[in-house]
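# Inside the fold
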Amino acid sequence: MKAVFLWATLIFLAFVVFMAVVFRSQAARDILRFARNMLWAYVALVVALAAIHLWREGF
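Let me sum up the structure you'll find in this document. (Residues numbered from 1 in each chain as written. Predicted model: local features only at pLDDT ≥ 70, side-chain atom pairs only at ≥ 80, totals over all residues. Heavy atoms only, no water.)

Across its full length, the protein holds 2 helices and 0 strands. Expected size for 59 residues packed as a compact globule is a radius of gyration near 10 Å; at 17 Å, the protein overshoots this value by more than 25%. The proportion of buried residues among the 59 residues of the protein is 5%. With an accessible surface of roughly 5,500 Å², the protein has 77% of that area assigned to carbon and sulfur atoms. (Helix = DSSP H or I, 4+ residues; strand = E, 2+ residues; numbered from the N terminus. Rg over C-alpha atoms; globule rule 2.2 N^0.38 Å. Buried < 20%, exposed > 50% of the residue type's maximum accessible area, 1.4 Å probe, protein only. Areas by Shrake-Rupley, 256 points an atom, 1.4 Å probe, with all protein chains shown as cover.)

Here it is, written out as structure tokens:
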């Protein structure tokens, strides 16, 4: 099930990139900008959780 979700997500993002590049769609660019921001939020969350884990468990 995870593989199906992963493939569906990758195909959707490839389609959105295609729409943004070929058709210069503003909506597609907005979706890509939102995805980029969510990726940065995910990275920040992982770093924050790692810092909390290091603080609680020590080095």
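Time to look at helix H2 (residues 26-57). At 3.6 residues per turn, the α-helix brings residues three or four places apart onto the same side. End to end, H2 covers 46 Å across 32 residues, agreeing with the expected 46 Å (1.5 Å per residue, within 8%). You can read the cap of H2 off the contacts: a side-chain oxygen lies 3.4 Å from the backbone nitrogen of Ala-27, and it is on Ser-25. (Expected span 1.5 Å × (residues − 1). Polar contact = N/O pair within 3.5 Å; in protein donor to acceptor, adjacent residues only side chain to side chain.)

What follows concerns the packing of aromatic side chains. Evaluation of the coordinates by the stated rule reveals 1 aromatic pair. Here Phe-18 and Phe-23 contribute two aromatic rings whose centre-to-centre distance is 5.9 Å and whose plane-to-plane angle is 85 degrees, an arrangement assigned as edge-to-face. The exposure class assigned to Phe-23 is exposed, which follows from its relative accessible area of 53%. (Phe/Tyr/Trp six-rings, centres within 6.5 Å; stacked < 30°, edge-to-face > 60°.)

The next point concerns the pattern of salt bridges. One pass over the structure, following the stated rule, counts 1 salt bridge. Salt-bridge contacts for Asp-30 lead to Arg-33; the nearest nitrogen and oxygen are separated by 3.0 Å. One end of the pair, Asp-30, and the other, Arg-33, are both in helix H2, 3 residues apart, so they sit about a helical turn from each other. (Salt bridge = Lys/Arg side-chain N within 4 Å of Asp/Glu carboxyl O.)

Before going further, it helps to examine helix H1 (residues 2-22). Given a rise of 1.5 Å per residue, 21 residues ought to cover 30 Å, and the 30 Å separating the end C-alpha atoms of H1 matches this to within 8%. Where H1 ends, the next residue or the one after it, Arg-24, has phi of about 50 degrees, a positive value.

Here we take up unusual backbone geometry. At Arg-24, a position not held by glycine, the phi torsion is positive, near 50 degrees. Checked against the element boundaries, Arg-24 lands in the loop between H1 and H2.

For any two helices packed against each other, one specifies the inter-axial angle together with the distance between the axes. Where H1 contacts H2, the two axes come as close as 8 Å, and the packing angle between them is 135 degrees. Taken together, H1 and H2 sit at an angle that is classed as oblique. Both H1 and H2 take part in a crossing whose hand is left-handed. Mapping the contact onto sequence places Phe-12, Val-16, Val-17, Met-19 and Ala-20 in H1 and Ala-28, Arg-29, Ile-31 and Leu-32 in H2. For the contact of H1 with H2, the per-class residue count stands at 8 nonpolar, no polar and 1 charged. (Axes fitted to C-alpha atoms, helices over the stretch in contact; angles between N-to-C directions. Parallel < 35°, antiparallel > 145°, perpendicular 65-115°, else oblique. Left-handed = near helix turned anticlockwise from the far one by under 90°. Contact = heavy atoms within 4.5 Å. Nonpolar A, V, L, I, M, F, W, Y, C, P; charged D, E, K, R; others polar.)

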